[in-house]
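Spelled out from the first residue to the last, the chains are:
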Amino acid sequence: MFVFNVLNVSSMDVAVIGNSFGLSICIVLVLVLFTRCYLLPLFWGGLATNFLKSDNYSKSIGAFDHALKLSPRDARLWFAKGVALRRLGHLDDALASLEKARSLAPDQLRISQELVQIYRESRRYDDALAALDRLVDFGGAKLEVMLTRCAIEIDAQRFCEAEKSCDLLIATDDETLAPQAYALRGIARLMLGRTEDSLADFEISYLLNPRSIETRVYCAATWLRRQMYEETIVLCDSILNDSSTNALAYHIRGTAKRAIGLIEQGDQDLKKAIELKLSSL
């Protein structure tokens, strides 16, 4: 009986030890998987994001690559890597990353917004417009999408389409976007050879938002064409007070000064405009 009890206890101890060992192995495996599948991607993703925020794009991309090796189906990582690549000017690689992000999260608004900009910068205008349509489907701001459509159609030199798109946006009577819509329609009409209509649009744009640098430049160009030289100079002064490196404002002011006999001052402005243009190349 004594021997039987000893053997019986020993068997129980072995079972307990075996169960404890198995449980320990399971815990270790869970910890390894948790570290690999969650903590490491989180670490590399956080590091990459910090590099991105500090404009260190090359290091950011390297860190995103580490994170993506561990978590290749994370749309957020593909999206952020695409943003970093775009800021480095690597548009083809950025596009590939963002299209991968879209395949993993097709209903994400921010991915489509970024794709619109990359398609536009790559001059893939049909793709950019298609991506714009998706923005509306995903709940993007319809009027802002309409404004972007006007700008892209002008980039693509589809001036008739741009004018119609601007007409639709202006018809919505949105006070926030109207100045930009009139300015864009003015460009489209100018390129279509309808000079007087375009000048009227530029002036309306300026009246609606006189603080906008873009609309002030358009209006200054309009006043210059109308031979309103003194008004043009004053307006260009206001532009250059807010944006001292605006080459076009220097050019317009220089031309206006020369027209009223301020030849030396006008030449200085024209020289400054050329210097700014060359420095931006």
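Owing to the predicted nature of the structure, the values given are computational and were not obtained by experimental measurement.

Undergrad: Is there a simple way to explain helix α8 (residues 159-171) in this structure?
TA: Structural remark: α-helix, 3.6 residues per turn; residues separated by three or four positions point the same way. Taking 1.5 Å of rise per residue, the 13 residues of α8 would be expected to cover 18 Å, and the 18 Å separating its terminal C-alpha atoms lies within 8% of that figure. Within α8, burial applies to F159, A162, E163, S165, C166, L169 and I170. In a view along the axis of α8, the buried residues occupy a sector of 165°, so they form one face of it. Of the exposed residues in α8, those oriented more than 90 degrees away from the buried face are K164, L168 and A171.

Undergrad: Help me understand the packing of aromatic side chains in this model?
TA: This structure, assessed with the given rule, holds 2 aromatic pairs. Centre to centre, the rings of F202 and Y218 are 4.9 Å apart; their planes meet at 20°, and the pair counts as stacked. Of this pair, F202 sits in helix α10 (residues 195-208) while Y218 sits in helix α11 (residues 213-225), placing them 16 residues apart in sequence. On the basis of an interplanar angle of 80° and a centroid distance of 5.6 Å, the ring pair of Y206 and W223 is categorised as edge-to-face. Here the residue Y206 occupies a position in helix α10, and W223 occupies one in helix α11, the gap between them amounting to 17 residues. Here W223 falls in the buried class, since its relative accessible area comes to 15%.

Undergrad: Help me understand the confidence of the model for the chain, please; the structure alone is not making it clear to me.
TA: Detailed reading of the predicted model is not advised wherever pLDDT is low. Per-residue confidence for the chain averages 81 on the pLDDT scale, and 79% of its residues sit at or above 70. This stretch, residues 1-7, has a pLDDT under 50; its non-local contacts, to residues over four places away or in other chains, come to 0 contacts. This stretch, residues 29-34, has a pLDDT under 50; its non-local contacts, to residues over four places away or in other chains, come to 2 contacts.

Undergrad: What is the right way to look at the state of the cysteines in this model?
TA: Linking two cysteines covalently via their sulfur atoms produces the bond known as a disulfide. Summed over the entire model, instances satisfying the criterion amount to 0 disulfides. Between C219, a cysteine without a disulfide, and C236, which holds the nearest cysteine sulfur, the sulfur-to-sulfur distance is 9.9 Å.

Undergrad: Explanation requested: the packing of helix α12 (residues 229-242) against helix α13 (residues 247-259) in the structure shown.
TA: Each pair of packed helices gets described by two things: the angle between the helix axes and the distance between those axes. As a packed pair, α12 and α13 sit with axes 9 Å apart at the nearest point and diverge in direction by 150°. Put simply, α12 runs roughly antiparallel to α13. In this structure, the crossing between α12 and α13 has a hand that is left-handed. Residues Y229, T232, I233, C236, D237, I239 and L240 of α12 form the contact with α13, whose own contacting residues are A249, Y250, I252, R253, A256, K257 and A259. Class assignment for the residues of the contact of α12 with α13 results in 10 nonpolar, 1 polar and 3 charged.

Undergrad: It is not clear to me how the nonpolar core should be interpreted in this structure. Could you clarify?
TA: In a soluble, globular protein the nonpolar side chains are often hidden away together inside. Grouped together as the largest cluster of nonpolar side chains are 31 residues, with contacts concentrated most on F79, I111, L115, V116, Y119, L132 and I152. Per-element accounting of this core gives the leading share, 8 residues, to helix α3 (residues 75-87). Those residues in contact with L132 that lie beyond four places of it in its chain are V116, V145, T148, R149 and I152. Core analysis: the next-biggest nonpolar cluster, separate from the first, contains 19 residues, I154, L177, Y182 and L184 among them.

Quick notes on the rules
- Residues numbered from 1 in each chain as written.
- Predicted model: local features only at pLDDT ≥ 70, side-chain atom pairs only at ≥ 80, totals over all residues.
- Heavy atoms only, no water.
- Helix = DSSP H or I, 4+ residues; strand = E, 2+ residues; numbered from the N terminus.
- Expected span 1.5 Å × (residues − 1).
- Buried < 20%, exposed > 50% of the residue type's maximum accessible area, 1.4 Å probe, protein only.
- Arc of directions from axis to C-beta.
- Phe/Tyr/Trp six-rings, centres within 6.5 Å; stacked < 30°, edge-to-face > 60°.
- pLDDT = per-residue confidence, 0-100.
- Contact = heavy atoms within 4.5 Å.
- Disulfide = S-S within 2.5 Å.
- Axes fitted to C-alpha atoms, helices over the stretch in contact; angles between N-to-C directions.
- Parallel < 35°, antiparallel > 145°, perpendicular 65-115°, else oblique.
- Left-handed = near helix turned anticlockwise from the far one by under 90°.
- Nonpolar A, V, L, I, M, F, W, Y, C, P; charged D, E, K, R; others polar.
- Core = buried A, V, L, I, M, F, W, Y, C linked by side-chain atoms within 4.5 Å.

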